[in-house]
Amino acid sequence: VVASLFPAMVRDRLFYERQTRDEERMNSGLSRGASEISRLRKFMAPAPHQSQSQSHSNDSDTATAVSGSAPAIADLYNDTTVLFADIAGFTAWSSEREPTQVFQLLESLFCEFDSEAKSMKVFKIETIGDCYVAVTGLPEANPDHAVIMAKFAQRCLLRFNELTKELELSLGPGTADLGIRIGMHSGPVTAGVLRGEKARFQLFGDTMNTASRMESTSIKNMIQVTADTAALLKKSGKGHTLIAREGLIKAKGKGYMQTYWLRPTSSYSSDSGNLAERLDTLRVSQHEVDHIHSRAQQDVAREKLGLPSFSHHQQDLLADNTKMQEELVHSWNDTGFNDISKNDLEEGLNRLIKWNTAVLESILTKIVVQQNEQRKQNSFKPSKDVIKYDELARFHEEIATAVKMPPFDREAMSASYLMPSNEKVNLIPPIAREELRGYVARIASMYQDVHFHSFEHASHVTMSAQKLINKVVLRNSTELNNSLHMLGDDKKKGEKDLQKQKEADLFFSTYGISSDPLAQFAVVFAALVHDVEHRGVPNVQLIKEQPDLAMKYKNKSIAENNSIRIAWSELLKPEFANLRRCIFGSDGDESRFRQLLINVVIATDITDRERRAGERERWQAAFLSNGDDFNWEKEWQNKSEDKLPDIDVSLKATVVLEQIVLASDVAHTMQHWLTYVKWNERLYKEMWAAYASGRAEKDPTEGWYKGEIGFFDGYIIPLATKLKECGVFGNAGDEYLGNALRNKAEWIEKGQAIVAEFEAKIKRKSDVDNAMQAR
């Protein structure tokens, strides 16, 4: 711990200081011979289980150090370079994930940075949230501190973009879109140990502040350096790696500054040959625009953001913008950072296909585990369903008030959770795994090239549904595992009875969802396919454009019916026979899966007032019909063992599963503000494209601002409230409701300006496209 926190020189001084104080205590009789050097860790981070005398001793040491009787450990280092690196898009990305996934990302990235730092003799200072801070030029002086840090920044940028692509396969869509902003400044720093509770080696001074400003005013996937750092690089013969940033930036507390972009050199191209990352210089944020000093540069930056220009001289703006973009893009070509290409799109699509396949496979494995356990108990009934496809089916007419769910089964529930994870690997036959991936790829190919109802959005919905399912499953399976392992065979009968009650509590408190992998699979499957072949227009327009479909489905939920038809008919094709045998292994699985698919996909037609009224009635029947004094726990806690399977959780489970998909379909409204704005803009673009092509009568700009407020009040906030009230999602209910309320408040404040930006960006893009064609 000490070795990782402090440079060698400082460590030696710390040890020396403690040894000196040790000797003084021994000579004065204060020590009983136990060297305090061995207790340096306790000085850094006191152990949780200490005796009162030990705790008092450590507190006294800290007080002595801070009071000034022990000299401070600090030095001034005149020649250093400090780096700040911050993950662009991290806050919005993390709001869509589970906590374990957030830490997996940070650990993967920062451990890689640590490895690079160690090999290049860069000293890591700390991480502050998603910001990585490092320094060169201390504790040993090094005249090449700026060059070393420049190379370190280049390596970090390249490895970041490689790793985020790799991590997208496990962390889901949008991970590869993350970027990193890096800022560097060279100058003097005061470095030393700030003692007290959790003592750390830290840096202070204006150099730290300036390096931080370089990061905050930088651009995603760019390295910004000050003139001081640039001068040192030029002096070392590295001037060719620099491009002066046009105009001046305004840094908080620093005023206007001339800065430079640091580009990787060709010597690094061999290390990044497999990269095809786009350069996101055109996606600056509003606060970055505000830092730019010159009016001409503001026009360029605002054009990149899609905001109205100040000059309104489109041709001049286009020329300046193109010149800057070409120079920057050219500077990155040697290292594989090119503009987005067809190959990039194909790689991104393949990553989404792999990720969605992995999500479905993880749940399918649980289905197979459960089937195997039923075989051991001789309770397994092979499927007798003769699966046929009915071309004339009107799925919206088949909605069930409650899908029949499996009764409480103690043995199957316990055995499934207790099976070691290594025994669950490769339970799915290889041919079924290949068919699963083939099916996901087939579905992906059937999504249309529209802005919102796309395969990317379906993947976002799938990720959100998985998060909510995991909130139910992981919490309860962990509790059950811990309870079962804590109790051995030699425990008393009373303890076994208590454990049985715990198992019943876990089942009924989640309405059986936590132990029903087929239902979990159906929900995630539905999230993936619910918008397949969506044409980018609402059902009211589809009635006009697709009269045959409208007639077939009697003008009801046309898009939703069509998506179910496509997904179901594809699944029933011969090439997916082995996959079906895994999913529908038990008798009745096929019909139950189909019914769940119908219920949850048709539920996403939120414009059907009749259907929404039926949904509200079923919610009231499931959770409100017995009055405020009704206690659901008493329904099973007072029942004998043989009566537990008679308790029907079907209605409650069905309603909750529908709410999962409904919430996931609009999850962006209940996540971080930037996530909400991102998908809101895509929906606006989709509707504007329909209007521009004559497929919609009304310009979406009209009423968009007020419409969003009404959508929050009439749909989103009540939906988030239901997630909280049904009680199976833990803190996710509070999280979703809190985000929805915050997003509504921010939209009320900023929404009108944002809608104006949406409109201006689309119109300006059209003008630029026309200008490019004219050239």
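Since the structure is predicted, the reported quantities are computational estimates derived from the model, not experimental observations.

The rules behind these values
- Along each chain, the written sequence defines residue order, and numbers are assigned to residues from 1.
- Only residues with pLDDT of at least 70 get local features here, since the model is predicted, and only at 80 or more are side-chain atom pairs given and counted; chain-wide, interface and lining totals rely on the full set of residues.
- The side-chain values count all of the structure's non-hydrogen atoms but skip hydrogen atoms and water molecules.
- Helix and strand assignments follow DSSP, with helices taken as H or I runs no shorter than four residues and strands as E runs no shorter than two, numbered in order from the N terminus.
- Relative accessibility thresholds used throughout: buried, under 20% of the residue-type maximum; exposed, over 50%; partly exposed, between the two (1.4 Å probe, protein chains only).
- When checking whether two residues touch, look at their non-hydrogen atoms; a contact exists if any pair is within 4.5 Å.
- Fitted lines through C-alpha atoms serve as axes, helices being fitted only where they are in contact, and the angles separating the N-to-C directions of these axes extend from 0 to 180 degrees.
- Orientation labels follow simple angle bins: below 35 degrees gives roughly parallel, above 145 gives roughly antiparallel, 65 to 115 gives roughly perpendicular, and whatever is left gives oblique.
- Handedness of a crossing follows from how the near helix is turned relative to the far one, being left-handed for an anticlockwise turn of less than a right angle and right-handed for a clockwise one.
- Three residue categories are used. Nonpolar comprises Ala, Val, Leu, Ile, Met, Phe, Trp, Tyr, Cys and Pro, charged comprises Asp, Glu, Lys and Arg, and polar comprises the others, including Gly.
- For this analysis, a salt bridge means a side-chain nitrogen from Lys or Arg found within 4 Å of a carboxyl oxygen belonging to Asp or Glu.
- For this analysis, a nonpolar core means a set of buried residues of the types Ala, Val, Leu, Ile, Met, Phe, Trp, Tyr and Cys, connected via side-chain atoms within 4.5 Å.
- Throughout this description, a polar contact denotes any pair of N or O atoms lying within 3.5 Å of each other; where both atoms belong to protein, one of them has to be capable of donating a hydrogen while the other can accept it, and for residues adjacent in sequence the pair is counted only when both atoms sit in side chains.
- For two strands to be treated as a pair, DSSP must find no fewer than two bridges joining them.
- A helix's residues, less one, multiplied by 1.5 Å, set its expected span.
- Throughout, the arc means that of the directions going from the helix axis to the C-beta atoms.
- Paired rings are identified among Phe, Tyr and Trp, the last through its six-membered ring, by centres lying within 6.5 Å, and are further divided according to the angle between planes into stacked (under 30 degrees), edge-to-face (over 60) and tilted (the rest).
- Charge over a ring is defined by NZ of Lys or CZ of Arg lying within 6 Å of the ring centre and within 35 degrees of the ring normal.
- pLDDT is a residue-level measure of predictor confidence that goes from 0 to 100.

### Describing the overall build of the protein chain
Per the secondary structure count, the protein chain includes 29 helices and 10 strands. Looking at the protein chain as a whole, 53% of its 775 residues are labelled buried. If you take every contact in the protein chain between residues at least 6 apart in sequence, the share linking residues at least 24 apart comes to 78%.

### What about the packing of helix α24 (residues 609-623) against helix α28 (residues 704-725)?
Two elements in contact, α24 and α28, have axes separated by 13 Å at closest approach and are oriented at 25°. Considered as vectors, α24 and α28 are oriented roughly parallel to each other. Seen along the crossing, α24 lies across α28 with a hand that is left-handed. On the side of α24, the interface is formed by R612, E615 and W619, while α28 contributes G714, Y715, K722 and E725. Per-class residue counts for the contact of α24 with α28 are two nonpolar, one polar and four charged.

### Description of the pattern of salt bridges
Within this structure, the stated rule accounts for 33 salt bridges. Between R351 and E168 there is a salt bridge, with its nearest N and O atoms 2.5 Å apart. On the criterion of sequence distance, the pair formed by R351 in helix α13 (residues 342-376) and E168 in helix α7 (residues 145-171) is long-range, its members being 183 residues apart. Judged by its relative accessible area of 15%, R351 is buried. With a shortest N-O distance of 2.6 Å, E570 and R442 are connected by a salt bridge. Taken as a pair, E570 in helix α21 (residues 558-571) and R442 in helix α15 (residues 430-446) lie far apart in primary sequence, 128 residues in all. One salt-bridge network, in which partners are shared between bridges, spans R442, E570, K573 and E575.

### Focus on the nonpolar core
Judged by nonpolar contacts, the single largest core of 120 residues is most densely connected at F508, F525, F593 and F729. At 11 residues, helix α18 (residues 517-529) tops the list of elements feeding residues into this core. Ignoring anything within four residues of it in the chain, the contact list for F525 reads L360, Y439, A567, L571, F593 and L597. Core analysis: the second largest hydrophobic core is formed by 40 residues, V122, V147, A150 and L171 among them.

### Some remarks on the side chain of E615
Within the secondary structure, E615 is located in helix α24. Of the polar contacts made by the side chain of E615, one reaches the side chain of Q659; its length is 3.2 Å. What E615 contacts, discounting residues up to four positions off in sequence, is Q659, L662 and K722.

### Overview of the pairing of strand β10 (residues 259-262)
Here β10 shows no split at all, with T259 and W261 on one side and Y260 and L262 on the other all buried. The sheet contact formed by strand β6 (residues 222-226) and β10 spans four bridges and is antiparallel. Bridging from a neighbouring strand, T226 pairs with T259 of β10. Here three bridges tie strand β7 (residues 242-244) to β10, and the two strands are oriented antiparallel to one another.

### Side note on α24
Taking 1.5 Å of rise per residue, the 15 residues of α24 would be expected to cover 21 Å, and the 21 Å separating its terminal C-alpha atoms lies within 8% of that figure. Along α24, the residues that are buried comprise R611, E615, R618, W619 and A622. Around the axis of α24, the buried residues are gathered within 105° of arc, so they sit on the same side. Of the exposed residues in α24, the ones pointing more than 90 degrees away from its buried face are R609, E610 and E617. Between a side-chain oxygen at the N-terminus of α24 and the backbone nitrogen of E610 the separation is 3.0 Å; the capping residue is D608.

### A few points about the packing of aromatic side chains
Here the structure, examined in full by the defined rule, presents 29 aromatic pairs. Seen in terms of ring centroids, Y676 and F712 are 5.4 Å apart; in terms of plane orientation they differ by 65°. Their pairing is edge-to-face. With a gap of 36 residues between them, Y676 in helix α27 (residues 673-692) and F712 in helix α28 connect regions that are remote in the sequence. Taken together, Y439, F521, F525, W568, F576, F584 and F593 form an aromatic cluster joined through their ring pairs. Note that R682 overlies the ring of W679, its terminal NZ or CZ placed 4.6 Å from the centroid.

### Some thoughts on unusual backbone geometry
Note the cis peptide between L138 and P139, where omega equals 0°. For P139, the position within the fold is in the loop between β3 (131-136) and α7.

### Brief notes about helix α9 (residues 227-235)
Since one α-helical turn is 3.6 residues long, residues separated by three or four positions face the same way. Taken together, the buried positions of α9 are T229, A230 and L233. Take α9 and look down its axis: the buried residues cluster within an arc of 100°, on one side only. Along its buried surface, α9 packs onto α7, β4 (179-194), β6, β7 and β10. G237 sits one or two residues past α9 and shows a positive phi near 80°.

### Some thoughts on the pairing of β6
Burial analysis of β6 places five of its five residues in the buried class, which makes it a mostly covered element. Across the two faces of β6 the burial is the same, with M222, Q224 and T226 and I223 and V225 all buried. Pairing of β4 with β6 involves four bridges; the strand directions are parallel. Residue R181 lies in a different strand from β6, and its bridge partner there is M222.

### Regarding the environment of L352
Here L352 is to be found in helix α13. It is 9.3 Å that separates the C-alpha atoms of L352 and G174, two residues lying 178 residues apart in sequence. In this structure L352 touches P173, F455, E456 and S459, once residues within four positions along its chain are discounted.

### Here's the deal with the packing of helix α26 (residues 650-665) against α28
Where α26 meets α28, the closest approach of the two axes is 10 Å, and the angle between their N-to-C directions is 135°. Viewed along their axes, α26 and α28 adopt a mutual orientation that is oblique. Where α26 crosses over α28, the handedness of that crossing is left-handed. Residues Q659, L662 and A663 of α26 form the contact with α28, whose own contacting residues are Y715, L719, K722 and L723. For the contact of α26 with α28, a count of residues per class yields five nonpolar, one polar and one charged.

### Section: the environment of I249
Tracing the backbone through its elements, the reader meets I249 in strand β8 (residues 249-251). Judged by relative accessible area, I249 falls into the buried class, the value being 1%.

### Thoughts on the confidence of the model for the protein chain
Averaged over the protein chain, the pLDDT score is 80; the fraction of residues at 70 or greater is 72%. Looking at the elements of the protein chain, mean pLDDT is at its lowest for helix α3 (residues 40-44), recorded as 34, and at its highest for α18, recorded as 97. The low-confidence segment residues 29-60, where pLDDT is below 50, has 37 contacts with residues more than four positions distant or belonging to other chains. Confidence drops under a pLDDT of 50 for residues 266-340, and excluding neighbours within four residues, the segment shows 154 contacts in the predicted structure.

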